[in-house]
Structure formats: structure tokens, C-alpha cells
Amino acid sequence: MYNIPLFDLNYDENELQAVTETLASKWISSGPKCRELEEKFSETLQISYACAVSNCTAALHLALCVLGIGEGDEVIVPSLTFVATVNAVRYVRAEPVFCDIVSPMDITIDVKKIESLITEKTKAVIVMHYAGFACQMQEIMRIARERHLYVIEDACHGPLSEYQGKKLGTFGDIGCFSFFSNKNISTGEGGMLVTGSPEIDKRVRLMRSHGMTTMSYERAKGHSASYDVKELGFNYRLDDIRASLGIVQLEKLAFDLKKREKVREWYLTYLKDMEGIWIPFADNYELSSNYIMPVVLKKSDYKKRDHVRKLLQEQGIQTSVHYPAAHRFSIYQELPHGNLQNSEYVADCEITLPMYGKLEESDIVFICRIFRHILEELP
Ligand SMILES: *Cc1c(COP(=O)(O)O)cnc(C)c1O
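From a predicted model like this one, the values you see are computed outputs, not experimental measurements.

So, how was this worked out
- Residues numbered from 1 in each chain as written.
- Predicted model: local features only at pLDDT ≥ 70, side-chain atom pairs only at ≥ 80, totals over all residues.
- Heavy atoms only, no water.
- Helix = DSSP H or I, 4+ residues; strand = E, 2+ residues; numbered from the N terminus.
- Buried < 20%, exposed > 50% of the residue type's maximum accessible area, 1.4 Å probe, protein only.
- Contact = heavy atoms within 4.5 Å.
- Pairing = 2+ DSSP bridges.
- Axes fitted to C-alpha atoms, helices over the stretch in contact; angles between N-to-C directions.
- Salt bridge = Lys/Arg side-chain N within 4 Å of Asp/Glu carboxyl O.
- Polar contact = N/O pair within 3.5 Å; in protein donor to acceptor, adjacent residues only side chain to side chain.

Draft legend 1. View of the environment of Leu253. With respect to the helices and strands, Leu253 occurs in helix α9 (residues 240–271). Leu253 sits in the buried class, given a relative accessible area of 1%. Along the primary structure Leu253 and Leu340 are separated by 87 residues, whereas in three dimensions their C-alpha atoms are 35 Å apart. Excluding its chain neighbours within four sequence positions, the residues that come into contact with Leu253 are Pro159, Leu160, Asn184 and Ile185.

Draft legend 2. Molecular detail of the sheet that holds strand β9 (residues 191–195). The mixed open sheet is built from 7 strands, whose spatial order is β1-β9-β8-β5-β4-β2-β3. Sheet topology places β1 (49–53) and β3 (95–99) at the edges, where each strand pairs with a single neighbour. Taken pair by pair, the neighbouring strands of this sheet meet at an average axis angle of 20°, ignoring direction. When strand β5 (residues 150–154) meets strand β8 (residues 174–178), the two strands line up parallel, connected through 3 bridges. Opposite Glu153, over in β8, you have Gly175 as the bridge partner. Across the face of the sheet, helix α2 (residues 32–45) comes into contact with β1, β8 and β9 while running at roughly 135° to β1. Sitting on the sheet, helix α4 (residues 84–91) is in contact with β2 (74–78), β3, β4 (122–128) and β5, with an inclination near 150° to β3.

Draft legend 3. Inspection of the pattern of salt bridges at higher detail. All told, the structure shown has 26 salt bridges when counted by the stated rule. Lys40 is the partner of Glu251 in a salt bridge, and the nearest nitrogen-oxygen pair spans 3.8 Å. Residue Glu251 is located in helix α9, and its partner Lys40 is located in helix α2; the two are separated by 211 residues in the primary sequence. Since its relative accessible area comes to 55%, Glu251 is described here as exposed. A relative accessible area of 30% places Lys40 in the partly exposed class. In this structure, Asp273 engages Arg372 in a salt bridge whose closest nitrogen and oxygen atoms are separated by 3.1 Å. Of the two residues, Asp273 is situated in the loop between α9 and β10 (277–278) and Arg372 in helix α12 (residues 361–377); the sequence distance between them amounts to 99 residues. Several salt bridges share partner residues, and in doing so they unite Arg35, Glu38, Glu39, Asp201, Arg205 and Arg208 into one network.

Draft legend 4. Representation of the side chain of Asp239. The topology assignment puts Asp239 in the loop between α8 (216–220) and α9. Separated by 2.5 Å, the side chains of Asp239 and Arg242 make a polar contact. Setting aside residues no more than four positions away along its own chain, Asp239 makes contact with Ile28, Ser29, Ser30 and Cys34.

Draft legend 5. Region of interest: the sheet that holds strand β12 (residues 350–353). Taken in spatial order, the 3 strands make up an open sheet running β10-β11-β12, and their pairing is antiparallel. Two strands in the sheet have a free side with no partner beyond their single neighbour: β10 and β12. Strand direction decides the pairing type here: strand β11 (residues 293–297) and β12, joined by 4 bridges, are antiparallel. Across the sheet, the residue bridging to Pro294 is Thr352, located in β12. The strands touched by α9 within the sheet are β10, β11 and β12, with β11 carrying the most contacts at an inclination of about 20°. Those strands touched by α12 are β10, β11 and β12, and its axis lies near 15° from that of β11.

Draft legend 6. Seen up close, the environment of Ser289. Locating Ser289 in the fold gives a position in the loop between β10 and β11. Ser289 sits in the buried class, given a relative accessible area of 0%. Distance in space between the C-alpha atoms of Ser289 and Val86 is 23 Å, their sequence separation being 203 residues. Setting aside anything within four residues of it in sequence, one finds Ser289 in contact with Ala131, Gly132, His157, Gly158, Pro159, Ser161, Asn184, Leu257 and Arg260.

Take a look at the structure:
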């Protein structure tokens, strides 16, 4: 067993009570709890519409569908992301076009390179706010407006995170969030799609439930008797059991982020003078969700990185890698792409250190001491 896991679920008796109440209500599928979560989420993010879905992959798929992206279209995506960001593009038969990240210090999509990848076929850009640190949204939105591209934000890492004081996920046409167990808001599986557009919201609501014009809850409550099917939709609904977990998690989020901020400060303090590593976003001053704590080894390769991870594991410190570069996966290997050397370097040399609110200063001191010692001992 690890002494220090990578992540720890932020659950207590409040989640248990919320689920118990939902079970006792006997309405467990999508209903009033989903509605409540949507309202609280949109209010918190200060955006007009939020639509609860079964996971973020579904949100990304719906986003591409309702923006009318399909066969023959190109969508610019980062390679350094969870593969769902890229897979969603293929769901609608469009082509993902991989874009590099800025540098080992800013591991988000490189705006300068986005421009050079735009062709006649480009319809959208999906950006991913790594660990809750913002992509350069001002520049990205400027290019998108100039070149008539849609912007979808994969904001899975960044609920409540900000860029110039505005919440991530609210800059583009659509923002997508995940409530998977290890995310900042954990409901097991779950997600949210946010938008400022009433038309997009309306279509997303249709498409998440088979294209049906009314939901079971409305019919059960006698608000309507029948329904029409207007479009070929999916079953991408969230259930009220998970939504009730999400409501509690959302309430706890701001406090949890304060604790994570403290944990990150400790890391920065105890890793600051280490010469063998970069700490991405070290100069960030905006509010971040600190979903994960990445460091990047200098003068390294994947063998050295994997060796360091193994030594950390032997000391009881669980780590991870975010992410393997998507363009190297078998299903994307054949796709032509430009220079992705920063993505490849970070994919090979990044280590994700433990990050969650319950970590104490003594844990971080321990992790950093071991980590420093391991790097110093390496040939
Ligand atoms: C978790 C994650 C997803 C997928 O979310 P699911 O809710 O598991 O579908 C997509 N993109 C990023 C960046 C993620 O971290």
C-alpha cells in the first residue's frame, strides 16, 4: 500500500446523507436533483446555461454535434490531453489536427501554432486547461473570431478556475466538465456542459435524451403527456443519485480549492530551488483548481522518468503521468501532424505528484525530500 496516494476522495457524511435522501425520494433518474445541480453550477460559473450529462466525453461529443461539426471538418486539439478530447472529434467523423503545447513551463495549447494549423476545413478548436491553469484565452478567442472558428473548452481540470477573473469554461462557445471520481467534483461518473447560448442549450437538452421533446420526470409530474423525437439523440443523461453527490461536492469546492492552493504553495516552496525540474505554471497568479501537481524532469527521457517514478513508489509515494501524447496512440499514429516536440518531451518526462486537500505540510516535506534525494542520486 502507498503511504501517500495520488488522490483522495473528498467525501464525508454529507454525501452519504444526500444520496440517502435521493433514494428515499424514490426519484433516482434525471429529475429535480439534476436541475438543482445545473442551476447551482451555472450560478457559480456565472454563465446562462448548464446541462448535466453522464460524463465529460458525452459533453464533448454533444458539443461537436450541436455545433454541426462532421465529416470533412478539421478540429484543432492538443496532443497533451486525456484521449477523450481527441476521440470525441472522431465520433462525429471529423479529423483531429494535433497542436503542440507552449513549453515545459506552460503545458497548454500553443496559440501561435494554432494559427499555422488552420485550413479551409478547420471548424473548431478544443482547448484543455491543464490542471486548472488557463490556456491563453484572450489570444485564442481573438483568432477564433477572426477565422470564424468555434471554441470548445475541455475544462475537466478546472471547475472554478479563472483567467483574468472569469471562470474557465465560459470563454468559448461551449465548456465541458467532468465529475469522474478523481476530478475536483467527484460523482463516480458525471459531467456538465455550459454555454451562454440559448439555442445551443436547447439542442443539447434534446440530444442528451434521445432527441425527445420531454423528459420522464416532466411526464411523471403530469407536465406533459407525450413527446416527439426531433433529432437523432443519445442517452447522455445524469441520474439524480449522482447529481445529489454533485450538489454536495460543488458546495465543498471553494473550500477544497483553498486547501489545494496551500498544498501547491508548499510544493513550490520545497521544490523551488531544485535544478533538475521545471514546475509548470510556477508564475501563475490566477485562481486555479489545482486538479493535479505536475513537474517535468529536465534532461530526461521516458526511461529515466519511469525509473524515478519507480523509486518514488518504493518510498510509498504514488505518482502518475498526465498524459501520454495522444498522437502516439495506435489509433492516431497514422494521422499526419507537425512538430509536437514539446508535447512529446512532457509526455516522456512529466511526473504527477500527489495532490488533494487533506495533504499536510509534513507530507509535502516528505515527498519533496525523497524526490530531491532520488534526483541527486541519479547518474
Ligand atoms: C477526465 C477527462 C475527460 C473525460 O471525462 P469523463 O467524464 O471521464 O468522460 C476529458 N478530458 C480531460 C482533460 C479529462 O481530464
